[in-house]
Amino acid sequence: MPAVTVDNILILPRIPEPDVTAVERKVTSVTTAPSGFEGEGFPVRRAFAGVDLPQLDPFVHMDQMGEVDYGPGEPKGTPWHPHRGFETVTYIIDGTFRHQDSNGGGGLITDGDTQWMTAGGGILHIEAPPEELVVSGGLFHGIQLWVNLPARLKMTQPRYQDIRAGQVALLSSADGGALLRVIAGSFGEHAGPGITHTPISLLHATVSPGAQVRLPWRADFNALAYVLAGSGTVGAEKRPVRMGQLAVFGAGDAITFTADAGSRPLEILLLGGEPIREPVAAYGPFVMNTRAELVQAFEDYQAGRLGSIPAVPVQPHPGHDVI
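The shown structure was predicted, so the numbers you read here are calculated from the model rather than taken from an experiment.

Peer 1: Explain the pattern of salt bridges residue by residue, including any values.
Peer 2: In the structure shown here, the tally under the stated rule is 9 salt bridges. R214 is the salt-bridge partner of E24, the closest N and O atoms lying 2.9 Å from each other. Of this pair, E24 sits in the segment before strand 1 (27–32) while R214 is found in strand 18 (residues 212–216), placing the two residues 190 residues apart along the sequence. Take E24 and R214: they sit in the same class, and that class is buried. Between R164 and D162 there is a salt bridge, with the nearest N and O atoms lying 2.4 Å from each other. Judged by its relative accessible area of 29%, R164 is partly exposed. Residue classification places D162 among the buried positions, given a relative accessible area of 9%.

If you want it as structure tokens, here you go:
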């Protein structure tokens, strides 16, 4: 069960349903994420596998981390590694990760927190469970999303945003059947706290069994829905989806999804963004526009120009946005 919830959803502001004249987005594909391992060996599902990049634009990669209940000594993370040319968004639904980077960003991301790291021109970072969690074990579930940057911002100054669970906008669907956590983007008068270089929307919905949600969606954004847990349908055509599947929507300005009338709510991550429509050259930890830029990124990393590992642990930063 996600850490961020409410006792009474009916007290939350509600997102009105789109007008009946709104164009419903049809589902163009449903794909199943293959399982794999990342970092030091923690389990992931590769959410975007099998989907062409133009359909994902401005997103390039996403892993669902867990859901896994670790035993003592089992939690794992990543070693120090570089990034350039994009932003990483780490949303921890349940559990704890400790972040540290070569630009001075750092702290714990836990139980509904989001870390938004703009790698820009280059950064080194590490994400690992804290020592006490390694000793005790426990539930771990989250996602890491890579958001592309346009060519003019590829080499921008790195930035770190520490978004606490309590800062996320909590809303209700029109009939009170779904809890909506808005991390980035706007729905009517309600905006999420994420500050984005590339305009996007990022929303985590918990849909009660049997409930249907119809949301307005910006016509200039693409629209993706990834099932974190449970099962249901997406689109007005009611295309079946289950945990670990990604639905891609076509054009329009409204999206619909429904939870099966089973015992577990549908947990669904909704993503949309303004397509950048530029060439993408991606390899390993770098996302650039050309092969020559990728080669330069590797050379800069090997020469130590993407940052250096801090000699002492960075202390958590208070506040929302650290540059």
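Structure shown, so let's carry the discussion forward.
Peer 1: Break down the side chain of T118 for me, citing the residues and quoting the values.
Peer 2: The residue T118 is located in strand 9 (residues 114–118) in this model. Reaching out from T118, the side chain makes a polar contact with the side chain of E87 at a distance of 2.6 Å.

Peer 1: Run through the sheet that holds strand 24 (residues 266–273), naming residues and quoting values.
Peer 2: Taking strand neighbours across the sheet as the criterion, the 7 strands line up as 1-22-19-24-17-14-13 in an open arrangement whose pairing is antiparallel. Edge strands, defined here as strands with exactly one partner in the open sheet, are strand 1 and strand 13 (169–172). Here the average twist between neighbouring strands, direction ignored, is 20°. Relative to strand 24, strand 17 (residues 200–207) runs antiparallel, the two sharing 8 bridges. The partner of T206 across the bridge, within strand 24, is E267.

Peer 1: Mind laying out unusual backbone geometry, listing which residues take part and the relevant values?
Peer 2: Geometrically, the link from D57 to P58 is a cis peptide bond, its omega value of 20° lying close to zero. Tracing the sequence through the fold places P58 in the loop between helix 1 (53–56) and strand 4 (59–70). Cis geometry marks the peptide bond from G66 to E67; its omega dihedral reads 10°. Note that E67 resides in strand 4. Its identity as a non-glycine residue notwithstanding, D111 has a phi of 45°, on the positive side. Residue D111 is classed as partly exposed on the basis of its relative accessible area, which comes to 37%. Located in the positive-phi region is R277, a residue other than glycine, with phi close to 60°. Its location among the elements puts R277 in the loop between strand 24 and strand 25 (281–283). The exposure class assigned to R277 is exposed, which follows from its relative accessible area of 68%.

Rules used throughout
Counting from 1, residues in each chain are numbered in the order their sequence is written. Residues qualify for local features only when their pLDDT is at least 70, as the model is predicted, and side-chain atom pairs are given and counted only at 80 or more; totals for whole chains, interfaces and linings, by contrast, use all residues. Computation of side-chain values covers all heavy atoms of the structure but excludes hydrogens and water. For this document, the term salt bridge refers to a Lys or Arg side-chain nitrogen within 4 Å of an Asp or Glu carboxyl oxygen. Numbering of helices and strands runs from the N terminus, with a helix taken as a DSSP run of H or I at least four residues long and a strand as a DSSP run of E at least two residues long. For every residue, the accessible area obtained with a 1.4 Å probe (protein chains only) is divided by the maximum for its type, and the residue is called buried under 20%, exposed over 50%, and partly exposed between those limits. Distance and chemistry together define a polar contact, namely a pair of N or O atoms within 3.5 Å, with one atom able to donate a hydrogen and the other to accept it when in protein, and with adjacent residues in sequence counting only for side-chain atoms on both sides. Strand pairing requires that DSSP identify at least two bridges connecting the strands. Inter-axis angles, ranging from 0 to 180 degrees, are taken between N-to-C directions of lines fitted to C-alpha atoms, where helices are fitted over the stretch in contact.

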